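This is what each chain is made of:
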Amino acid sequence: FLSSVALAQGAAGPSNDEEKSGLDGKFAEKRNEFGLACGYFLPNQIPGITELLPLCGISAGLKAFEGAFYELQFLGGNSQSQTYYLTSLRLRGDFPLGEFVGSIYGGPTLHYAVSPVNAVIQANFYLGWHLGGALWMKISKVLYFRGDLQLNLNPGTSIYMGIALVLRIESIFSRDSPGNE
């Protein structure tokens, strides 16, 4: 009787690393990400930047360890004679959230702002930090929709709200890439 209970418990338990982590196995096994993102940047107390700015750009991610990714994102935009570039380097942790995948992340940011101040064009670099969260939804085998909310600290405070389409693949150098299956 005890051996039957032990076998039943083993059969009901997780059978591989992806299930143990709680993430969808297909989501957790991917090692590389490439994305296109667009959203709005809401500045507060950033010298010379006073208007809501649309930002668009690219991102790339590389698996760091189980359930975590390193990400690099570059966003840029121009509106109302103001130009803003936001580069973020982050460590992201993923977790299951029902049928979705949630993420929390943080890291350093580099800001480059160009704006007219008192009829003179002023350009500044700023180093800051960011914290954020994302919600992922699967569209196809390798394509995901992602919504982000990111709080930036220094210069001033700002919020980036955006959406992205992200291509997630096993490896750009392996036979498991989308075109080689």
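The coordinates are above.
Every value quoted in this text rests on a predicted model; they were computed, and no experiment measured them. (Residues numbered from 1 in each chain as written. Predicted model: local features only at pLDDT ≥ 70, side-chain atom pairs only at ≥ 80, totals over all residues. Heavy atoms only, no water.)

A.B. asks: Hey, could you run me through the overall build of the protein chain in this one?
C.D. replies: Summing up its helical and strand segments, the protein chain has 3 helices and 8 strands in all. Within the span of the protein chain, comprising 181 residues, buried residues form 38% of the whole. Across the protein chain, every contact between residues at least 6 apart in sequence was considered, and the portion connecting residues at least 24 apart equals 51%. Accessible surface computed for the protein chain: about 10200 Å², of which carbon and sulfur atoms make up 64%. (Helix = DSSP H or I, 4+ residues; strand = E, 2+ residues; numbered from the N terminus. Buried < 20%, exposed > 50% of the residue type's maximum accessible area, 1.4 Å probe, protein only. Contact = heavy atoms within 4.5 Å. Areas by Shrake-Rupley, 256 points an atom, 1.4 Å probe, with all protein chains shown as cover.)

A.B. asks: Any chance you could explain the state of the cysteines here in plain terms?
C.D. replies: Here, disulfide denotes a covalent bond that connects the sulfur atoms of two cysteines. In total, this model carries 1 disulfide according to the counting rule given. Covalently, Cys38 is tied to Cys56 through a disulfide, its sulfur atoms 2.1 Å apart. On the sign convention where negative means left-handed, the S-S torsion of about 115 degrees between Cys38 and Cys56 marks this disulfide as right-handed. With a gap of 18 residues between them, Cys38 in strand β1 (residues 32–44) and Cys56 in strand β2 (residues 53–65) connect regions that are remote in the sequence. Assessed through its relative accessible area of 39%, Cys56 is described here as partly exposed. (Disulfide = S-S within 2.5 Å.)

A.B. asks: Help me out: how do you make sense of the nonpolar core in this one?
C.D. replies: Burial of nonpolar side chains together is a common tendency in soluble globular proteins. Residues Phe41, Ile49, Leu53, Leu55, Leu75, Tyr84 and Trp136 are the most contacted members of the largest nonpolar core, which totals 20 residues. Counting only elements with at least two residues in this core, the list comes to β1, β2, β4 (82–97), β5 (100–117), β6 (120–138) and β8 (157–169). The contacts of Leu55, once residues within four sequence positions are left out, are Ala37, Cys38, Gly39, Phe41, Leu75, Gly76, Gly77, Tyr84 and Tyr160. (Core = buried A, V, L, I, M, F, W, Y, C linked by side-chain atoms within 4.5 Å.)

A.B. asks: For this particular structure, what's the right way to read the environment of Val114?
C.D. replies: Checked against the element boundaries, Val114 lands in strand β5. Owing to a relative accessible area of 18%, Val114 belongs among the buried residues under this scheme. Discounting residues that sit within four places of it in the chain, Val114 has contacts with Ile49, Ser81, Gln82, Thr83, Ile121, Gln122 and Ala123.

A.B. asks: What am I meant to see in the pairing of β1 here?
C.D. replies: Here is the key point about a regular strand: its side chains alternate between the two faces of the sheet. Strand direction decides the pairing type here: β1 and β2, joined by 10 bridges, are antiparallel. Within β2, the position partnered with Phe41 by the bridge is Leu53. As judged from the 13 bridges shared by β1 and β8, these two strands associate in the antiparallel manner. What sits directly across from Phe41, in β8, is Tyr160. (Pairing = 2+ DSSP bridges.)

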